Amino acid sequence: MAQIEHVLESFTFHHTEGNTEMVLEAYKYALEKHSGQKRRSGEPYIVHPMSVAKIAADMGLCEPSICAALLHDVVEDTDTTKEEIRERFGDDVALLVDGLTKLDNVHFVHKEERQAESFRKMLIATVKDIRILLIKLADRLHNMSTLGALSPEKQERIAQETRDIYTPLAGRLGLAWLKADLDDLAFKYLEPEKYYQLAAAVKKTRKERILFINRVKKDIEQLLRSRGFEADVSGRLKNLHSIHIKMIRKDLEFEKIHDAIAFRVLCDTVEQCYAIFGIIHSKWIPVPGYIKDYIAMPKANHYQSLHTTVVGEGGERMEIQIRTREMHQVNEYGIAAHWAYKEEKQTNEKDVYVWLREILENQSDLEDSREFFDSVKVDLLHEDVFVFTPAGEIKTLSAGSTPLDFAYAIHTEVGHQCRGARVNGVMVPFDTHLKSGDHVEIITSRDQRPSLAWLDIARTSRARNKIKAYLRTEQRNQSIQVGRKLLEKALRQAGVSFNKIMKSGALDELAPKYKQSGATDLIAAIGYGRLDENAIAYDLAPADSRDSIKPNIRESAFEKLLRKVKWQEEGIVIDGVDNMLVQFAKCCSPLPGEPVIGYISRGRGIIVHRQGCQQATYLEKERQTKVMWSENAINKRPVKLQVISGDRPGILATLSNSFQDRHINLTSVQCDTTDPSGAVSTFTFPIDNAQKLKELIRTLKQTKGVYEVTRLQN
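How each quantity is defined
Residues numbered from 1 in each chain as written. Predicted model: local features only at pLDDT ≥ 70, side-chain atom pairs only at ≥ 80, totals over all residues. Heavy atoms only, no water. Helix = DSSP H or I, 4+ residues; strand = E, 2+ residues; numbered from the N terminus. Buried < 20%, exposed > 50% of the residue type's maximum accessible area, 1.4 Å probe, protein only. Contact = heavy atoms within 4.5 Å. Areas by Shrake-Rupley, 256 points an atom, 1.4 Å probe, with all protein chains shown as cover. Pairing = 2+ DSSP bridges. Axes fitted to C-alpha atoms, helices over the stretch in contact; angles between N-to-C directions. Parallel < 35°, antiparallel > 145°, perpendicular 65-115°, else oblique. Left-handed = near helix turned anticlockwise from the far one by under 90°. Nonpolar A, V, L, I, M, F, W, Y, C, P; charged D, E, K, R; others polar. Salt bridge = Lys/Arg side-chain N within 4 Å of Asp/Glu carboxyl O. Core = buried A, V, L, I, M, F, W, Y, C linked by side-chain atoms within 4.5 Å. Phe/Tyr/Trp six-rings, centres within 6.5 Å; stacked < 30°, edge-to-face > 60°. Expected span 1.5 Å × (residues − 1). pLDDT = per-residue confidence, 0-100.

Student: Lay out the overall build of the protein chain in plain terms, naming residues and giving numbers.
Tutor: For the protein chain, the helix and strand inventory stands at 28 helices and 21 strands. When burial is assessed residue by residue, the protein chain has 48% of its 714 residues classed as buried. The long-range share in the protein chain, meaning contacts at least 24 apart out of those at least 6 apart in sequence, stands at 65%. When the accessible surface of the protein chain is split by element, carbon and sulfur atoms take 49% of a total near 36000 Å².

Encoded structure:
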């Protein structure tokens, strides 16, 4: 457990003239504010901020960062205000603490929306000061290392979020050691059985591994010394998660993975790196396709190194990384390795990595927080390819990118007007996958405009979001034109001028009645078919002119349902409005807690589908609407699970007991033992929320003899 002495020791190691008094004051303040608070583990709460401060100090962060790490929860979890932090510790610390504080005081309908918006706030604040993200990563590392005190459901949720967001963020910041630690901790809680099996296998081979590392290390040192090079050579086993991924990709058991150990050669200059690279290849045969030059073409996080995999004596593969000592510092500690501030202790804009600003720019067209969160995940997880513009400029794109993605990477208008592309001088289709080293030229036309089909071609979130934004704008403009014509016609019947109505502001005043923000939204809703133009005209016309309109009012089937049908389904909120008529799609039977999407049907109200439902993918985009579950949603829906297991006596009874133990009534059970993959059992039953279903599936998967559990479409 970290003590304040450990924090100060690490801080002064990196900052010999640092202000330890300020750090001590922050510690005492945090100790006072968190007095009496306990963590789930039962230990005093102060242990957490102190541990986060120790990790931040180990990174070499400055004194305001260490203070902010100690104080990062006081605004969120105590009665302390941001103004009090500013008065006592200054603007710098207050800015960092505010960037790390979640939006718990803002009302959100769903906790997922709160989490997503808090993440957006933190990421935007990070562009102003990258230290916010570094402290957040230190916070996440300590939380992950103490996850054992939480429930299995929370462990899984937090671990998945870590794998999706924070691990790749650590990688993008160049914090290799932190990324490896987060990777392994997420692996431990998401796939515990595989984690412990691999950990046991690694422990079992420890002696042989040490002997192998020492032997190869000695061989490399002797080889380099014979050529006049003095270099630092080391060997290490890759972290458990990276070995696990390698096993999956190569479909091999741990014992068959021969390149799980990476050897590292550190020298003084770039010239020495390339010379040593040649010497290594003169001794051992390189494996084709495994040579990578990240010195000439660094990764987005400034990582530089030469990588090669060679075949050693006895046919064993060895991965060897060659870099300068300065590169090694940057590769291991990322932005923290070359920390530099102005006198006012603020990061210069160019100190913040370009990729972070690009990620935010790519999502700038997204208003929905959860869509933003999901889109950022896509941006973070991709691997990179490097392609060239006609002028020789390098553009970094995600693997699988197409010429369309390249066009949007240059400029939004270049993307919108993209008519064709040449790759390496040859005309290619839009859906061609680009490879590193390709030279790409975009052909544009002023008459070209994006189409819905482009979304099936674009891979990067920047391109997809720009296309979506354009299509939404076009659809809205078309709806406004249609809505205006319809309303003009309806008003004309009563002898009312549309232009006079617009100038008078009457349409703006009427808009709230129909839950619209203004006249333009009201007209667009008419064009979309969500509102009836005759009903609007009736409200706008003078009393003595309404008779000419009233007989023509077409009460929509949707409005009839709203008026006549009693509410049978509860728990859905539509665009922030309760008590809208909804029906739940029978194809996917969405449960409270599952991500959902709404579809404005003709005559049946809002149809709610589970996100990812195959039938929902064919729905008209312009009729989709944002829906979510309310906090107290209760909605029992029929669910169908398919369980594939070994065909052993009593397996069906064992599986059925899992339902009985959870007080779940089965309405249908079918078992087929003729399938070659084993016994296939299908269970149909009602259940009222996603969490209960998740727990049931976990129990079934843990049943001895069960191979696979799948939720079926109804």
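After that view, the rundown keeps rolling.
Student: How would you explain the sheet that holds strand E18 (residues 637-645) if you had to name every residue and give the values?
Tutor: By way of backbone hydrogen bonds, the strands of a sheet pair with one another, either parallel or antiparallel. What the 4 strands build is an open sheet, ordered E19-E20-E18-E21; its pairing is antiparallel. Looking along the sheet, the strands with just one partner apiece sit at the ends: strand E19 (668-672) and strand E21 (706-712). In this sheet, adjacent strand axes meet at a mean angle of 20 degrees when their direction is disregarded. Sitting on the sheet, helix H27 (residues 651-661) is in contact with E18, E19, strand E20 (679-687) and E21, with an inclination near 20 degrees to E20.

Student: Any details on the packing of helix H1 (residues 4-14) against helix H3 (residues 47-59)? Residues and values, ideally.
Tutor: One way to put it is that H1 packs onto H3 with a least axis distance of 8 Å and a crossing angle of 15 degrees. As judged from the angle between their axes, H1 and H3 are roughly parallel. The handedness of the crossing between H1 and H3 comes out as left-handed. Contacts between H1 and H3 pair Ile 4, His 6, Val 7, Ser 10, Phe 11 and His 14 from the former with Met 50, Ala 53, Lys 54, Ala 57 and Asp 58 from the latter. Of the residues assigned to the contact of H1 with H3, the class counts are 6 nonpolar, 3 polar and 2 charged.

Student: How would you summarise the sheet that holds strand E9 (residues 418-423) if you had to cite specific residues and measurements?
Tutor: Spatially, 3 strands are ordered E10-E9-E11 in an open sheet, and the strand pairing comes out antiparallel. Edge positions in the sheet fall to strand E10 (426-428) and strand E11 (440-444), since each of these pairs with one other strand and no more. Pairs of neighbouring strands in the sheet enclose a mean axial angle of 35 degrees, with direction left out of account. Of the strands in this sheet, E9, E10 and E11 touch helix H19 (residues 403-410), which is tilted by about 80 degrees from E11.

Student: Which residues make up the pattern of salt bridges, and what values do they have?
Tutor: As enumerated under the stated definition, the model contains 29 salt bridges in all. Across the pair Asp 79 and Lys 33 runs a salt bridge whose closest N-O atoms are separated by 3.6 Å. Placement of Asp 79 in the loop between helix H5 (74-77) and helix H6 (82-89) and of Lys 33 in helix H2 (residues 20-33) is noted, with a sequence separation of 46 residues between them. The partner of Glu 156 in a salt bridge is Arg 698, and the shortest N-O contact between them spans 2.6 Å. Within this pair, whereas Glu 156 is found in helix H10 (residues 152-172), its partner Arg 698 is found in helix H28 (residues 690-702), the two being separated by 542 residues in sequence. Since its relative accessible area comes to 26%, Glu 156 is described here as partly exposed. Salt bridges sharing common partners tie together Glu 153, Glu 156, Lys 694 and Arg 698.

Student: Talk me through the nonpolar core; I want residue IDs and the actual numbers.
Tutor: Ranked by internal contacts, the top residues of the largest apolar core, which has 57 residues, are Ile 66, Leu 71, Ile 85, Val 93, Leu 137 and Met 144. With 8 residues, helix H9 (residues 131-145) is the largest single contributor of residues to this core. For Met 144, the contacting residues outside a window of four places in its chain are Ile 158, Ala 159, Thr 162, Leu 182, Leu 185, Ala 186 and Tyr 189. Within the second largest apolar cluster, 38 residues are counted, among which are Met 247, Phe 263, Ile 279 and Met 327.

Student: Quick one: what's the story with unusual backbone geometry, residue by residue and with numbers?
Tutor: Outside of glycine, negative phi angles account for most residues, and trans bonds account for most peptide bonds. A positive phi angle, near 60 degrees, is found at Lys 515, a position not held by glycine. Lys 515 sits in the exposed class, given a relative accessible area of 56%. Of note, Ser 589 is a non-glycine position whose phi angle comes to about 40 degrees, a positive value. Mapped onto the secondary structure, Ser 589 falls in the loop between strand E13 (582-584) and strand E14 (596-600).

Student: Which residues make up the packing of aromatic side chains, and what values do they have?
Tutor: By the definition in use, this model includes 8 aromatic pairs. Centre to centre, the rings of Phe 659 and Phe 685 are 5.1 Å apart; their planes meet at 65 degrees, and the pair counts as edge-to-face. Of this pair, Phe 659 sits in helix H27 while Phe 685 is found in strand E20, placing the two residues 26 residues apart along the sequence. Judged by its relative accessible area of 1%, Phe 685 is buried. Linked through ring pairs, Phe 187, Tyr 195 and Tyr 196 together constitute an aromatic cluster.

Student: Describe H10, with residues and values.
Tutor: Over its 21 residues, H10 runs 29 Å from end to end, which matches the ideal 30 Å to within 8%, given 1.5 Å per residue. Just beyond H10, the residue with positive phi is Gly 174, at close to 80 degrees.

Student: Account for the confidence of the model for the protein chain, with residues named and values stated.
Tutor: It should be kept in mind that the predicted coordinates are not to be read in detail where pLDDT is low. Per-residue pLDDT for the protein chain has a mean of 80; in total, 80% of the residues score no lower than 70. Confidence over residues 551-570 falls short of pLDDT 50; this stretch has 35 contacts with residues more than four positions distant or in other chains. Here residues 575-580 is modelled with pLDDT under 50, and outside its nearest four sequence neighbours on either side it reaches 9 contacts, counting other chains as well.

Student: Let's hear about the environment of Val 75: which residues, and what values?
Tutor: Considering the arrangement of structural elements, one finds Val 75 in helix H5. Taking the C-alpha atoms as reference points, Val 75 and Val 97, 22 residues apart in sequence, are found 7.8 Å from one another. Each residue touching Val 75, except ones within four places of it in the same chain, is listed here: Thr 80, Thr 81, Lys 82, Ile 85, Val 97 and Thr 101.

Student: So what about the packing of H2 against helix H4 (residues 63-71)? Which residues, and what values?
Tutor: Interaxial distance between H2 and H4 falls to 9 Å at its minimum, and their mutual angle equals 10 degrees. Judged by the angle between their axes, H2 and H4 are roughly parallel. Touching Met 22, Val 23, Ala 26, Tyr 27, Tyr 29 and Ala 30 of H2 are Glu 63, Ile 66, Cys 67, Leu 70 and Leu 71, all from H4. Among the residues making up the contact of H2 with H4, the classes are represented as 10 nonpolar, no polar and 1 charged.

Student: Describe in detail the side chain of Asp 139, supporting the description with residues and values.
Tutor: Tracing the backbone through its elements, the reader meets Asp 139 in helix H9. Residue contacts for Asp 139: discarding those within four places in its chain leaves His 48, Val 52 and His 72.

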